[in-house]
Each structure stands twice: as structure tokens, then as C-alpha cells.
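Fold and geometry: a report
Here is what each chain is made of, one letter per residue.
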Amino acid sequence: MEEYPEELRTPPVTLASLVGCPELHSLISTHFMSAQPPINTLALPDVSKIIYLFNNKTDSDPTPTAPSPLVPGIFKRDWLLKHRTKLPAILAALFPSHHLTGDPAQWQQLCSDLDSIKAVIRGRNIKFAVVVVVNDNVDEISEDRMIALRKRAEVDAKYVIVLNPNDAANLKLSLHRMASTFSELAVAYYREEGRRVKQRIEKKNVNSVELIVRYCFKVAVYAEFRSDWPEALKFYEEAYHTLREIVGVTTRLPAVQRLVEIKTIAEQLHFKISTLLLHSGKVTEAVAWFRQHKNAYKRLVGAPEGTFLHWEWMSRQFLVFGELLETSSKTTQGFAPIILSTSSKPLCEWEYYPAYYYQLAAHYLSEKRSVLELAISMSETNNEIDSVVDSVVPSVYVGQFARLLEQGDNVDMLPLTDEEYICYAVSEGKRFRDSLEIIALLKKAYESYSSIKIMRMSSFCGFQMAKEYFAEGDIGNAKQILDTIASLYRKEGWVTLLWDVLGYLRECSRKVGAIKDFVEYSLEMAALPISSDTGVRRDIGLAGPANLLQREIVHNEVFELVNGDSGLATNERINNLKITEGESLQLEVDLVSPLRLVMLASVSFHEQTVKPGASTLITISLLSRLPLTVDIDGLEIQFNQSNCNFLITNGQKSQLVEVSDGIQQHRTEIAPSLSLQSNKWLRLTYDVQTDKSGKLECLSVIAKIGSHLSICCRAESPASLDSLPLWTLGDFVQTVPIKDPILVLSGQKSTQVEEPDPLVDLHLGASGPALVGEVFLVPVTLVSKGHDVYSGELKINLVDVKGGGLFSPRDNEPHAMDSHHVQLLGISGPEGEDDSQLDSDKIKKIQQSFGLISVPIIKNGDSWSCKLEIKWHRPKPIMLYVSLGYSPYSDELNTQTVHVHKNLQIEGHNAIVLYHQYLMPFRQDPLLLSKNKKASESDHSESLPLNQKNVLVVSAKNCTELPLRLKSMSIEVEDNAERTCSIQHGSEELANPALLVPGEEFKKVFSVSSNKNKSKLSLGTVCLRWRRDLGVEEQCATTSTLSWVVTKQKLPNVNLELPPLIVSFECPPYAVVGDPFTYYIRISNQTQLLQEIKYSLGDAQSFVLSGYHNDTIYVLPKSEHILSYKLVPLVSGMQQLPKFSMTSVRYSAAYQPSNSSNSVFIFPSKPHFKATVSTNSRVESVVNL
């Protein structure tokens, strides 16, 4: 498409000419180019230059009414370019405003310029407009002068435009109005020009068909200028159909050149029609139109000597339409086929893909190359014609060529004969390398098919491209593409296509001297499942016909090369491939290798498990798809245990087979024959023995063929043979690699060698469940009872019993010491042995849940022990796995390993549960407003009164079934934390560790007070030190040598608030039945406000009281009010005092005292107490047992 001129490739743009005021041309042109639709400008500095623009007649068409108009051509070559760059549709004259308002001489000059312009454009139908350029510093132009200007210019008022370039506010609007006016004039011009030409067609008095084609083309172009796409499409199609009638009728030119001109015109018309259809979204119509265009001219070949011109033209049609389809803004996939007519075939899906057209463009260009090469070989040298060829140039008309004849200053264009034109075309064809263009087209098709995942067609185009690369000598690119295509053909199972591709790959390897690649491709070709000729094909390629005979030829060629027998007849095609003495080729065959067809190795052990030292049978089966029998010199069977490797030699051959590792210490077996016939299993059965436990697996079978070739086949189990693609079987009957039907289904290429019975006992001991926080010791004891232990390793694993894992504790437990719930801390050796005494070669690795430690040498009858240190951070049951691996032999060459496994489930429990409680001073209750808030609020933290002493009771409960010893309980504050309260208690440590039996609680009392004005109070963390009770060993154990476990629990923050009211109760510590006593209730106001209190005192059956039951009182700021009552007890024992309640009116808060502060003990008679000696000793702590 790039070969087309720009005026044909791009839609036409209106051309306007600006005359005068050159300083404004750049401003106006820039705005016009950005307008919609855009307008090109042709700038002239003054009126004197306009005569050079219109010095020739614009239309030199012959008179249609002439009896026989002589039409030398159909389209003029420069007609489109002239209308886009030279012949404007509008001419605008720009005059400064002072020419209208100045002296009469300037006005006379303006009138003269207008007359000159009108004289030049008269008869050309060019539209005329006048632009008056004004400045801010001049007077406005009078209406009379503007009327005189319009009359002189002979234009309407709307075509006289006033432009003020200095008015920044209105400049853009003025330019936009000017562009709209110019567009309107241009549409009128092109409409009138199109109507003028259309009238010639409608009169139907045109005697020349060429003129009808030309007129239709011009009408369509004029319609494009004014963006009337339907009319443009209509007349392009009419021109196209009329052009087809010229074929075989006109005799203006010689036959070859006449056909070239018609095809060139048809090509341009088809390009215009396809572009309009695609840009309007009519993709299906465009595809159908191209099919019609192709069918109309496909058989219009012309003279035999010019056939290559036809194929080049056909190639260009497909290329251009493919590019148009690719660049179209509409999608080109998923279209339903349409019926063009009753005799036409429906469109296929391929015709919507650009790659389809690129592929056919390359095909037709290849046809052109073949015909051109034939024409060049048959052409005769003629000096006279060669001189003519050098002077051939394009003619004035599209699709025509002429000979340029220069005689002095005169230049003449002379017509060409067909012979001269053919010679010119052949010489032009020699200048270009069609192969490069074909490769470029095929590459575009290859990439386009690949982008839409149509891999089969992509591979076909890639194969054609690779053949072009091969023909050009670019072996590297050819081989790269062919390897990619071969992998797809193997996957799809296209045997015949794969045969052709392998043939080219084989030749590529031969040309570059790659012997290994040549052998691999040749063997794969020979093993392809082709039993008979696939049919007659025109192009058999480099591989030859795909049949059994050709397979045998390839087979003989490759083995002639690898055998290197000098007595054999040499093949000319492989003369450049030589294998030097001592050089060897080893081919690898695995599960994905294409060489599995060449040789396949199936291995099956007869037993799944074997005792150490016992022998077992193994069957090695080989299968080849090669067409001829292969004689194997020897086989090397390799195992994962190298001491089991052995050799199998051919009894019919006496030469020694070299092993792959160069060591001749393996055992050797002799087989009567190692001839591998085509499609028949070669089965060999031998015994294998090993003393090493573990997995014994056959890795590979290496077949030695000749002195240079070895094929290493990865061993496969019989069951894995089902993975072979069906297409590889061909017409052959599938057979099994082993005759035993059980082994066919269950046979494996590996067997398990059992370990010898261990003669070492492994004991795990644990004393009860583990407690969270303590270091739990698990004794491990090894006792030898028949084996010496050498190179022993003890592996320890901790596994969650429930399978949840030992990792990642919950985020709401920030006091976790480690990221594991259960952690292996260390492994301690026997008594008196530390890490510094371990040898440097001993291993000791400890991780969170895994441990590895070396075990020293243990003689028969001896023992060795260690202790595992495990710590629980969370209550979780675990399974402890301990594995001992050792060798009973001191010889390092004997790597036999024996394993002993033991496991033990250990439960993990919480030992101590801590909880706390806050108490107010006895018989003193503050009114805390926060306690009266709604329960729906989210903050449920405790609240304490400010500037009051409170009691904190911390309790520790033994949750285990074991007795515990407590050493101390304290509240600690972090070092960097600010102390916000005062906490008083006795000594941290107890004089003697307290014994805490299961279910028992230990309590300690703390006094908490704070006088800081803060809303939150941070108390710190409770720290409790404890350990297990040692029982009978407790008496002899010293406190300094024992390790104590520290359990910590952070106390939640409490709210501090100043209580507005405090209620205190005062009464005797006890009373006697019948004796009255006074009961005081003090209400203290802690605020600066007057408090209104409503209170009530209920009746009690145990007392007779006097005083107000209900009343309202007022308590002054910072003062207190005392209520007093006389009570007479009626019943003995612990009795509840009359219930007191009050309500603060200001805060709407009710208050009721607690039951503990509202009770008193009543004696039946007056008690008599004995006097005791008072002491100054104080209780350090309170223990409630």
C-alpha cells in the first residue's frame, strides 16, 4: 500500500488559496488544519502571483459531443495531486482595512486587484471570498464602503469577512467563522463541479467508454471532497464496472500495455471502494467485493510473455486488501457467512483474516518469481532494446509508459511496443529480490495467525517461510522456524507434514556440519509410522516421497555414517559429514523426546520389595520403530546404586564394550544375540543383588551401536507406555514389553530394599503432662542389644496432634515469648557432658520444632542418653517423633543405614489461672457516674474513684492435677512506662514457698491509689513465680538451684473519675438484742455545686427504727450532710441493716450500697471478751486457703 501515491491513499482535503497579507497566512493555515473538516491552504503574497497559478486550462477533456474523440488515456497521473495541491476550490483575497478607508488611490488599487482576480477565476467556477483585516487603532469601516466592496467583488455579504488579529478575545471565533464559510464555499464548488461532470454521463452521448470511466472517477472524487461517501462509493463502483467493459474492445494501445493500464485503473478503483466500505464498518461487503474483484481479473492473464506481470498484480491485490483489513477499525472475526448470489459460494471465515491475504500474496508473488525466472532465462540480448529500456518512464496517464526522447531542448514522449515494454518489465524485475518480499509476506501471515491462536495455518506459513530462508542460504533462521513447526506437528500427529519438515531440518544440519542433529533428525524420519506411499504429491520436498522405501534409504544413510565402515559405498549427500576416530555421539531419549520412536526401554522388577543381600529378577525390554533390524554391540544398565550396574554384550561380536564412566569393574553378562528387529520387543531378564537398603531404581539403558553411536534411553515402567501418542503406533499391532500379564499392569522400574532389623532399643520417658511456661524434660535412652552404633544421628520432630501447626500464636496474646506454640529449646547430653566436649565433626542443630544431634559410638551392650528440653507457650497436645539412624559397620565404604523410630504424645496444660477483683473502702461507697451509663456502650472497663484508696485482690488458682510451689507474686511496671498510681503490698517473696494443691487458690491484697488527674490508669503486669512440687525431693532441694517459672498477665487499664458524692455508713461493730444504737449515714459533696438528694430508708424486720423514711435534702458544695437513726435489734445473728437508697437529681443517678457494707452481727446478750496482749506485728499478706 505504500507504493500508492499519497493522494490516492489518503482522503482528499479541501484546498483554499490566500492572497495578500502574508503575515497572517501562518495563523490562518494553522487554524484551518485543526478545523473539522480540515482545509489545506495555498498562500500567495500578492495578486501579481495569481497569474502563475492559473496559467493553464484546468480540464483538457475532449468534447463529449465530438463524433470520435481521441482519448489517449483514462486517468491523468497528476489529476488528483493537482486538485489537492494546485487547484483551489476557494480563493480568498485579504485586504488591510486602510485600503478601504484611506485615500482614493488605495481604493482604486483595491478595485484593480479585485478585477484582476475576477478575470483570472472567471470560467473556472472557483469560489471567491474577501477578508478585511482591521486594527484596533483605526476607525470603523463605513457601511457604504462595505457595500461598495461587495458590489465590486460581486460576492454576497456573508462572504465578506472582517478579521481583527489583535483582538485576542474574538480571534478564535473569527477564525472559526472564516473556516465555516470556506467549508461552505468548498462544498458548493465541489458539488457544482461534480454536477457538471455528472451531466455529461447522464446525457449518454459520450462515444468513448474511457471517458465514462474518467467522468465517474471525477464525480466520486468530488463527492469525497465534500464527504459524501455514499455518492463516492456509487460512482467508484460504476467506474469499476464500466472499466470491465473495455477489456477486449479498446485498441488504443498494444495488447500487453492495454491490459496493464486496465488492471492499474481497476486496482485504484478497487482500493477506493474497499477503503470506503471498511471505514464505514461494512467489512462483510468489503470482503465480498474483493472476492468479486479477484474473480473478475484472475483469469485475465494476457500474453504468455507477460504472465509474470499478472501474478505480480494479483499478489499486490491480496497484499493491499490484507493491509486495509488489518488497519480497519472494525473487528474482523466472528462474521457469519453471507450468500452473494445464487451462483456464488458463501464467504468462509478465512476471508476475514488479514493473514489469509498475506499468505496468498506470497503465493502469487512466488508464481511471479517462477515465471520471471523462466522469462529471464529465455530472453535474448538486444542492444537496441536495452537502450530503449533505459529511457522508459511513466507516461502522463495512469498505467501507461513511454520512451523519453530528448533532442536538444525538446523532450518528446514516444509510445512503446509490447516487446519493448516486456523487456522493460523484465529488467525492472531483475532489480528486486522477490524472495525477500515473499519472506516478509509470509512472516506477516505467520505472526498474524499466531496472534489469533490459529497455530496450524501459522505453522504452514512458517514452513513456507523456512523454505525461502533455506533457498536464500539463511540456514540459521530456517532451522529455528522448522524446529518450532516440528514440535507442533509432533503434537498434532501430522506424519506426512512432519516428514517434510524433518527433511529440511536434516538438510540444514548437513549444510552446517552438525553431525548430532543430522543423526537425530534422520533417525526420527526413519522411525515415523509410514508403511505405504501417502499418495502422489507435486512437491515431495528435500525428504523425498514419504514411503517405506525412503525410510529404509534414510536408515541406511545414517547408520553408514555412524558405523564408519570404509568398505561400504559412500553416499554423496553425506560426504561432508565425517566422524573422526575417537569421536562418539550419545543421543538422549526421555519421556518427551521425539526419539522414543527410535528406541524405547521398558524396565520391570519382578518383586516390589527385596531383603538386603537377596537377589531379584529384572526384565529389560527394548523396542524400535526403525524400518530395518539394528544390531546392538552392547547394553549398559545403570541404577541409582552404581554398584548394581552391569553390562550385556552381544555374543555374536567379540569386541569389548566401553562403559560410560570408564570403569570396567561392573559385572558383564553375555546375550546370545542383541538384534533389535523392527516393531518387536527384545526382552532380557537378569538378576540384581544389593546390600544397601532404600530405593533401587533403574535409571537408564545405554545401547552401544558401532564404534561411535550410543543411545541413552531413560528407563520406563511398563505402565508408562500408555503415554505414547496414538499416531506413533501407525498400522502396527501394539504389543506388551513383558509377557507376564501381572507385571504388565503392576511392574515398576524400581523396587524397595528393606532395612535390616534394628538391634538398638530407643526409650522415651516423660513425667506427667507438660505445663505452659516451664521447660519440660524428656529423657531419651539408647540401649544397644546386638549392633554397634556408628555414625548415629538422632532426629527430633514436634508435630501438632490436631494438624493445626505449631506456628503463629493469636495476635491478642502479645506476651508470647516465641512465634511457636511449642518450642524445642535444646538437647542436653549425659551428666557431666557439655557442648564444649563434643568433637568438631559431631552435629547439633536445633530449630523451633526440629532437632538433630550426633550420637557417639555405642558398643554392643552399652547405652547412651540425653534429655530434650521442650517449652510450651500455649496449651496444646503434641506428638514427639524421635528417629535414630545409624550404621552397624565401622567401614565408611559400607553406607548401610538402620533406622529406629519412636513417638510419644505429650499433653500441654495451663498451670495457673490469674484473676483479680477491686474492692472499695469498708462501708464507704462513691457515686461513679460511669456505672450508671447504658450497658449497650462498648467500654466495659472498670472505674475507680480518684483520690481514694482502693483494694486490689489478685487470685492464682492451680488448674492442674499436680501440686505447685509459689515463690512470689508482684505487680511490675515496664521500665519506660510512666507510673500513674501507687501500689502498696507486703514483701514480694514468701518466707517459705507456699504449697498450692490442685484446685486451690492463692490470694494477695494490694492497695491502689492515685491522685493524678488522668482518665486512664495503667496498673502494670502481675508476675507470679512458681514451679512443680518435687514431692519427697522437696526437702533436700535448695531454692537457689531450682528454676522458677514466671507467669505474667497484664492488668487491664481502669478508668479514673472524681465521684461527685460519697456515702459513708457508721454503726457499732456489733449490737445486742434489745439494746438501741445509733446508725449514721454521711453524704459528702465533692463538687462546687449544690446537690439535691432524694433518699429513702426501707423497713427491716430485724430492727425497729426511728427517723425519716423518705425526704429531699440539699448538700452544700464541699460539705457533708449526716442522717442519724435509732435502731433496736430484734433478732440475733448476721442481719442486714435497713436498705438505704438515694438519687442525685442533678445527675439523674441512683445509688444503692453493697450488701457487704450494709450488715452487722447481733449478739443475743452482751458478750464478755478476754483481754489479750497487743503486738506491733503486721500481716505481710493475706492468704485464704
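Residues numbered from 1 in each chain as written. Predicted model: local features only at pLDDT ≥ 70, side-chain atom pairs only at ≥ 80, totals over all residues. Heavy atoms only, no water.

Topic: the pattern of salt bridges
Pairing between side chains of opposite charge can happen when their charged atoms approach one another. Our working rule: Salt bridge, as applied in this entry: a Lys or Arg side-chain nitrogen positioned within 4 Å of an Asp or Glu carboxyl oxygen. Only DSSP runs of H or I with at least four residues qualify as helices, and only runs of E with at least two residues qualify as strands; both kinds are numbered from the N terminus onward. Note on exposure labels: buried denotes an accessible area under 20% of the residue type's maximum, exposed denotes more than 50%, and partly exposed covers the range between, all computed with a 1.4 Å probe on protein chains only.
The full count for this structure, using the stated rule, is 36 salt bridges. The salt bridge involving R433 is made with E472; its shortest N-O contact spans 2.2 Å. Here E472 lies in helix 18 (residues 455-472) and R433 lies in the loop between helix 16 (418-431) and helix 17 (434-451), a separation of 39 residues in the sequence. Overall, the relative accessible area of 52% leaves R433 in the exposed class. On the basis of relative accessible area, E472 is assigned to the partly exposed category, the value being 33%.

A look at the sheet that holds strand 37 (residues 964-972)
The strands making up a sheet are joined through hydrogen bonds of the backbone, oriented either antiparallel or parallel. What counts is decided by this rule: For two strands to be treated as a pair, DSSP must find no fewer than two bridges joining them. Fitting a line to C-alpha atoms yields each axis, with helices limited to the stretch in contact; the angle taken between N-to-C directions then spans 0 to 180 degrees.
Read across the sheet, four strands follow the order 39-37-42-43 without closing on themselves; strand pairing throughout is antiparallel. On the outer flanks of this sheet lie strand 39 (989-996) and strand 43 (1045-1050), each paired with one strand and no other. Direction aside, neighbouring strands of the sheet carry axes that sit 30 degrees apart on average. Sheet topology note: the strand 37/strand 39 ladder contains four bridges and is antiparallel. Opposite L966, over in strand 39, you have A994 as the bridge partner.

Some remarks on the pairing of strand 49 (residues 1103-1106)
Residue alternation in strand 49 divides its side chains into a buried set, F1103 and L1105, and an unburied set, V1104 and S1106. Relative to strand 51 (residues 1120-1129), strand 49 runs antiparallel, the two being bridged by four bridges. Note that in strand 51 the partner of L1105 across the bridge is L1127.

Observations regarding the nonpolar core
Which entries qualify depends on this criterion: In these notes, a set of buried Ala, Val, Leu, Ile, Met, Phe, Trp, Tyr and Cys residues joined through side-chain atoms within 4.5 Å is what counts as a nonpolar core. Here a residue-residue contact requires only that any non-hydrogen atoms of the pair lie within 4.5 Å.
The biggest cluster of nonpolar side chains holds 209 residues, and the ones touching the most others in it are F128, F182, L243, L635 and F639. When residues no more than four places from it in sequence are discounted, the contact partners of F639 are F605, I618, C644, N645, F646, V688, L696, E697, C698 and L699.

Things to note about the packing of helix 10 (residues 229-244) against helix 11 (residues 255-279)
Under the convention used in this document: Convention used here: angles under 35 degrees read as roughly parallel, angles over 145 as roughly antiparallel, angles from 65 to 115 as roughly perpendicular, and any remaining angle as oblique. Here is the rule for handedness: rotate from the far helix to the near one, and if that takes an anticlockwise turn smaller than a right angle the crossing is left-handed, while a clockwise turn gives right-handed.
Contact pair helix 10 / helix 11: the axes reach a minimum separation of 9 Å and the direction vectors enclose 155 degrees. Taken together, helix 10 and helix 11 sit at an angle that is classed as roughly antiparallel. For the pair helix 10 and helix 11, the crossing hand works out as left-handed. Facing W229, A232, L233, Y236, E237, A239, Y240 and L243 of helix 10, the residues of helix 11 in contact are I262, I265, A266, L269, H270, K272, I273, L276 and L277.

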